[in-house]
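Breakdown of the fold
Residue strings, one per chain:
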Amino acid sequence: MSNIEERLWNYVDGSCSNEEKIAIAHLIATDEAYQQAYQEILAFDQELQTSIEIEMPPMAFTYKVMESIRAEEAAKPLKANIDTRIIKVIAGFFIVTIAALLIFALASTDWSAGTTAKVNIPVKVSLPEVKNYFNGSMLKGFLFFDVVFGLFLFDAYLRRRKHQEA
């Protein structure tokens, strides 16, 4: 591309300074080579403007693309970042609790009794009074938790079934 064409394209596109616009307009008015190149560039620019029409995709295509993207995003499993320290703390709590109960049971056992005597000793086991634990507010809280948990599981079941049908 020659210097003349480059300057004229800048003039047509409007990407030159005001001084250059004035100078190029003067050259177009006075110089025949600039006039001819300017007319060719204008004709080509007009042809480009009329022949290139921006085509919009049909709405069905746009909808299908968006649905496929949405389905692809929904198909990805949710990644939950579970801190392994939390799991280790919970496991440690249960291990310590079970070990403490085992140690307490072994420490409270009477090891001095021999196994040679066959005496039937009645064992008395006293359970704590459960009436104290199952009062009205405790029962309501327990039922509320069960209902919410049941609804959560039912929702998960329906979502899984809907996903399998689709």
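Residues numbered from 1 in each chain as written. Predicted model: local features only at pLDDT ≥ 70, side-chain atom pairs only at ≥ 80, totals over all residues. Heavy atoms only, no water.

**What to know about the overall build of the chain**
Helix and strand counts for the chain stand at six helices and zero strands. Listing the helices and strands of the chain from first to last along the sequence gives α-α-α-α-α-α. A buried classification covers 5% of the 166 residues belonging to the chain. Expressed as a percentage of contacts within the chain between residues at least 6 apart in sequence, the contacts between residues at least 24 apart total 50%. Of the roughly 15800 Å² that the chain leaves accessible, carbon and sulfur atoms contribute 64%. (Helix = DSSP H or I, 4+ residues; strand = E, 2+ residues; numbered from the N terminus. Buried < 20%, exposed > 50% of the residue type's maximum accessible area, 1.4 Å probe, protein only. Contact = heavy atoms within 4.5 Å. Areas by Shrake-Rupley, 256 points an atom, 1.4 Å probe, with all protein chains shown as cover.)

**A few points about the nonpolar core**
By size, the foremost hydrophobic cluster in this structure holds seven residues: Leu8, Ile24, Ile28, Tyr34, Ala37, Tyr38 and Ile41. Contributions of two or more residues to this core are made by helix H2 (18–30) and helix H3 (32–51). Ranked by residues supplied to this core, first place goes to H3 with four residues. Apart from residues no more than four positions distant in its own chain, Tyr38 is found in contact with Leu8, Tyr11, Val12 and Ile28. (Core = buried A, V, L, I, M, F, W, Y, C linked by side-chain atoms within 4.5 Å.)

**Thoughts on the side chain of Asp45**
Of note, Asp45 is situated in helix H3. Nearest to the buried, unbridged Asp45 among oppositely charged side chains is Lys21, at 14 Å. In this structure, Asp45 is in contact with Trp9 and Val12, ignoring residues within four places of it in sequence. (Lys, Arg positive; Asp, Glu negative; His and termini not counted. Salt bridge = Lys/Arg side-chain N within 4 Å of Asp/Glu carboxyl O.)

**Let's talk about the packing of aromatic side chains**
A complete count under the given rule lists four aromatic pairs for this structure. Plain terms: the ring middles of Trp9 and Phe44 are 6.2 Å apart, the flat faces sit at 85° to each other, and that makes the pair edge-to-face. You can see Trp9 sitting in helix H1 (residues 3–13) and its partner Phe44 sitting in helix H3, a full 35 residues away along the chain. In this structure Phe44 comes out as partly exposed when scored by relative accessible area, which is 44%. Relative to Phe149, the ring of Phe145 has its centre 6.0 Å away and its plane inclined at 10°; by these criteria the two rings are stacked. Of this pair, Phe145 and Phe149 both sit in helix H6 (residues 136–165), four residues apart, which is roughly one turn of the helix. (Phe/Tyr/Trp six-rings, centres within 6.5 Å; stacked < 30°, edge-to-face > 60°.)

**Focus: the pattern of salt bridges**
Here the structure, examined in full by the defined rule, presents three salt bridges. Linking Arg70 and Glu67 is a salt bridge whose minimum nitrogen-to-oxygen distance equals 2.2 Å. Taken together, the residues Arg70 and Glu67, both in helix H4 (residues 59–75) and three residues apart, mark about one turn of the helix. Residue Arg70 is classed as partly exposed on the basis of its relative accessible area, which comes to 48%.

**Some details on the environment of Ala37**
Relative to the assigned elements, Ala37 resides in helix H3. Its relative accessible area of 14% is what places Ala37 among the buried residues. Between the alpha carbons of Ala37 and Leu8 there is a distance of 7.8 Å; along the sequence they are 29 residues apart.

**Regarding the environment of Ile28**
One can find Ile28 in helix H2. Remark: the alpha-carbon pair of Ile28 and Gln39, spanning 11 residues in sequence, is separated by 9.6 Å. Discounting residues that sit within four places of it in the chain, Ile28 has contacts with Leu8, Tyr11, Tyr34, Gln35 and Tyr38.

**Concerning a nonpolar patch on the surface**
Taken together, the side chains of Ile86, Ile90, Phe93, Phe94 and Ile98 define a hydrophobic patch exposed on the protein surface, amounting to about 540 Å² of accessible area. Within the fold, Ile90 resides in helix H5 (residues 84–107). The exposure class of Ile90 is partly exposed, given its relative accessible area of 45%. (Patch = residues over 30% accessible without salt bridge, like charges linked within 9 Å, V, L, I, M, F, W, Y side chains within 5 Å.)

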